[in-house]
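# Reading the structure
Next come the chains, spelled out residue by residue.
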Amino acid sequence: MALSRRELFRFGAAGSAAVLAGTAAAGSARFPAPRRLGDPFSLGVASGDPAPDGVVLWTRLAPDPLAPDGIGGMPLQPVTVDYEVADDEYFRRVVARGSAVATRALGHSVHPEVHGLTPDRWYFYRFRAGSAVSPVGRTRTAPAPGQALARLRFAFASCQSWSSGYYTAYEHMSREDLDLVVHLGDYIYERAWLRGRAGVTMGPHFRDEAVDLPGYRLRYALYKSEQPLRAAHAAFPWLVTMDDHEVDNNWAGDAPGIGLDIWRLPALFRGRRAAAFQAMYEHQPLRLAQLPSAAGIRLHRRFRFGDLAEITMLDTRQYRTPQACGGAVVSGCAERFSPDRTILGAAQRDWLIDGLTHSPARWQVLGNQVGMSQNDSDPGPRVAVSTDAWDGYVADRNAVLGAAAARGAGNLVVITGDRHENQAADLRRDYSDPGSPVVAAEFTGTSITSNGDGVDLSDKGRGLLAANPDVKFFNAQRGYVRVELDHRLWRNDFRVVPYVRYPGAPIRTRASYIVQDGIPGVTEAWSSGDSPAPPSAPDAVSRADAEPGPR
């Protein structure tokens, strides 16, 4: 049973898009679920993009989520999905009800946007399809604009290659006292870079690289089949963006990433990228405004949390020019200083700088994918940096940090993923000028799993600390970052697990750094010693592949 052209015409273009995107129901028409649907909520539930009056909810109907065709075991027909939002987890006080249509066009995902809620409070939600009822999720609305907010607590994470290890970090995160989670990209990997799960082999449909819609859908389904990840989604609202592995390793704008294959042809890469964008929308709590179009997917957006903080989510992939000097770690690359090179695109850069200049919030937070601070890998007089990071786009970095300096508040904090390392660093207005002032702080969070177990302080870390006096802390274990901020202080806790090759790892705070109101830059508050060693591997379990994964 498909939506008829006449039914869609009643809603006009905007209404039709909303129905097909799973954000609205098609009038009074209902589309029944198949009688033998099984468990359609195998991928869990999620919420995101909190506003003062509501949030976007998400689920995808997939009774057979790893079916090779990527359709999740669903029939051709649309299905009406009902949702409820309540003050309490037992749904005795329901405050909002509605329905959305799950269609095959978007993998039977739904993204209902709930409005009319009270600012700055917790709610509970659930879905129903036929007789099946989803797990209960918990979400929170943002404070009202200008509302006095005493405290905000959130975690940020990135880089969660399924094949590289277990999602133990998410088990711990889901138990934290947080208001939201920020994910900075590499939510999926287009292929398995490291086989790091002891005793686990990859299924036949996950060994090859994802290049089309079924392939990307299967990657999201595999990742969301993990209970720790589903638990973290159900516990808090999320803000999400993407980095490179949601599409292709080190892709840039219209240019494919690293590799030599047929998908480097421009027309084929555009189709691949469009499939990746659609799969991302189908599997994340994103609003209708983020529905992909021929022009791409708009992921840069702002979120205000009362008078305390504004979080600006960036997109450093979709609008950038290709990497200078091959995109590797290089020295002597004059091209990276070209004023024509951009990591944000002119429109996003101007939008960002305008926000930095005019926001009344005490803290400006940039949700950023690749490293902004200079990371010189050469201990000598030369400067060797990765041109995939902001080091390869110096003009944009100087423009953004120059705007922060002109604003003068000193409360710009950049949160970053990608590097698979924890770092705390001062950000200078212009790294080519030794006397340039510190204007902001950057906290880089390590990966959830990518690159395997990791170590506390590697030889690379020792070299970076020696060559970069603005980098104050380095750690290369797995985990996430927990943040607490008030009007006087930003506290950043690097939460790490000693291993991901096996499940069940404990977690601890490896170090805490702070930023003080009005004083740009990072200060160490506390640091612990070495981590416990991982358990020994059973003799029957093969060792992990030695090849490290890319960032």
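Residues numbered from 1 in each chain as written. Predicted model: local features only at pLDDT ≥ 70, side-chain atom pairs only at ≥ 80, totals over all residues. Heavy atoms only, no water.

### With respect to the overall build of the protein
On a plain count of helices and strands, the protein comes out with 8 helices and 25 strands. Taking 551 residues into account, the globule formula puts the C-alpha radius of gyration at 24 Å, and the protein, at 23 Å, falls close to it. Out of the 551 residues in the protein, the part that is buried amounts to 60%. (Helix = DSSP H or I, 4+ residues; strand = E, 2+ residues; numbered from the N terminus. Rg over C-alpha atoms; globule rule 2.2 N^0.38 Å. Buried < 20%, exposed > 50% of the residue type's maximum accessible area, 1.4 Å probe, protein only.)

### Overview of the layout of surface pockets
In this structure, the second largest pocket spans a volume of roughly 280 Å³. If you go around the second largest pocket, you meet 18 residues; those closest to its centre are Gln-374, Ala-467, Asn-468, Pro-469 and Asp-470. Taken together, the residues that form the lining of the second largest pocket break down as 9 nonpolar, 3 polar and 6 charged. (1 Å grid on protein atoms, 1.4 Å probe; cavity = no way out; pocket = protein on both sides within 12 Å on 5 of 7 lines; lining within 4 Å. Points joined across faces, edges and corners; volume = space filled by probe spheres on them. Nonpolar A, V, L, I, M, F, W, Y, C, P; charged D, E, K, R; others polar.)

### Points about empty space enclosed by the protein
Under the definition given, this model contains 4 cavities of 30 Å³ or more. Estimates place the volume of the largest cavity at around 70 Å³. Along its surface, the largest cavity is lined by Ser-161, Trp-162, Ser-163, Tyr-189, Arg-191, Ala-192, Met-202, Phe-206, Arg-219, Leu-222 and Tyr-223. When the residues that make up the lining of the largest cavity are grouped by side-chain class, the tally is 7 nonpolar, 2 polar and 2 charged.

### Topic: the pairing of strand β24 (residues 508–516)
Residues in a regular strand project their side chains so that they alternate between the two faces of the sheet. A large share of β24 lies buried, amounting to 7 of its 9 residues. Relative to β24, strand β23 (residues 489–497) runs antiparallel, the two being bridged by 8 bridges. Directly across from Arg-495, in β24, lies its bridge partner Thr-509. Relative to strand β25 (residues 519–527), β24 runs antiparallel, the two sharing 5 bridges. Within β25, the position partnered with Ser-512 by the bridge is Trp-526. Connecting β24 to the antiparallel partner β25 that follows it, the hairpin turn spans 2 residues, and Gly-518 within it adopts a positive phi of roughly 85°. (Pairing = 2+ DSSP bridges.)

### Here's the deal with unusual backbone geometry
Phi at Asp-120 takes a positive value of approximately 60°, unusual for a residue other than glycine. Residue class for Asp-120 comes out partly exposed when judged on its relative accessible area of 22%.

### Regarding the state of the cysteines
Scanning the entire structure with this criterion turns up 1 disulfide. Residue Cys-325 pairs covalently with Cys-333 via a disulfide, S to S 2.0 Å. Between Cys-325 and Cys-333, the S-S dihedral sits near 90°, and the bridge is therefore right-handed. The exposure class assigned to Cys-325 is partly exposed, which follows from its relative accessible area of 34%. Taking the relative accessible area as the measure of exposure, Cys-333 reaches 4% and is therefore buried. (Disulfide = S-S within 2.5 Å.)

### A word on the confidence of the model for the protein
With 90% of its residues at a pLDDT of 70 or more, the protein shows a mean pLDDT of 91. In the predicted structure, residues 1–14 sits below a pLDDT of 50 and forms 19 contacts with residues beyond four places in sequence or in another chain. Taken as a whole, residues 536–551 scores under 50 in pLDDT and shows 36 contacts with residues more than four places along the chain or in a different chain. (pLDDT = per-residue confidence, 0-100. Contact = heavy atoms within 4.5 Å.)

### Comments concerning the packing of aromatic side chains
Taken as a whole, this structure holds 15 aromatic pairs when the rule is applied. Aromatic side chains Tyr-187 and Trp-238 sit 6.5 Å apart centroid to centroid with 70° between the ring planes, which places their arrangement in the edge-to-face category. With Tyr-187 in the loop between β11 (180–183) and α3 (213–224) and Trp-238 in strand β12 (residues 238–240), the pair connects residues that are 51 residues apart, well separated along the chain. Each member of the pair, Tyr-187 together with Trp-238, is buried. For the ring pair Phe-473 and Tyr-513, a centre distance of 5.6 Å and an interplane angle of 45° mean the geometry is tilted. Placement of Phe-473 in strand β22 (residues 471–485) and of Tyr-513 in strand β24 is noted, with a sequence separation of 40 residues between them. For the pair formed by Phe-473 and Tyr-513, the shared burial category is buried. Among the aromatic residues, those joined into a cluster by ring pairs are Phe-154, Trp-363, Phe-443, Phe-473, Trp-490, Phe-494 and Tyr-513. Here Arg-138 stacks its cationic end above the ring of Trp-122, 3.8 Å away from the centre of that ring. The ring of Trp-58 is capped by Lys-224, whose NZ or CZ atom sits 4.4 Å from the centre of that ring. (Phe/Tyr/Trp six-rings, centres within 6.5 Å; stacked < 30°, edge-to-face > 60°. Lys NZ or Arg CZ within 6 Å of the ring centre and 35° of its normal.)

### Notes on the packing of helix α6 (residues 346–358) against helix α7 (residues 394–407)
In the contact formed by α6 and α7, the axes pass within 9 Å of each other and the chain directions differ by 15°. The angle between the axes of α6 and α7 places the two elements in the roughly parallel class. The chirality of how α6 crosses α7 is right-handed. For the pair formed by α6 and α7, the contact residues are Arg-349, Leu-352, Ile-353, Leu-356 and Thr-357 on the first element and Asp-396, Ala-399, Val-400, Ala-403 and Arg-407 on the second. Looking at the contact of α6 with α7 residue by residue, the classes come out as 6 nonpolar, 1 polar and 3 charged. (Axes fitted to C-alpha atoms, helices over the stretch in contact; angles between N-to-C directions. Parallel < 35°, antiparallel > 145°, perpendicular 65-115°, else oblique. Left-handed = near helix turned anticlockwise from the far one by under 90°.)

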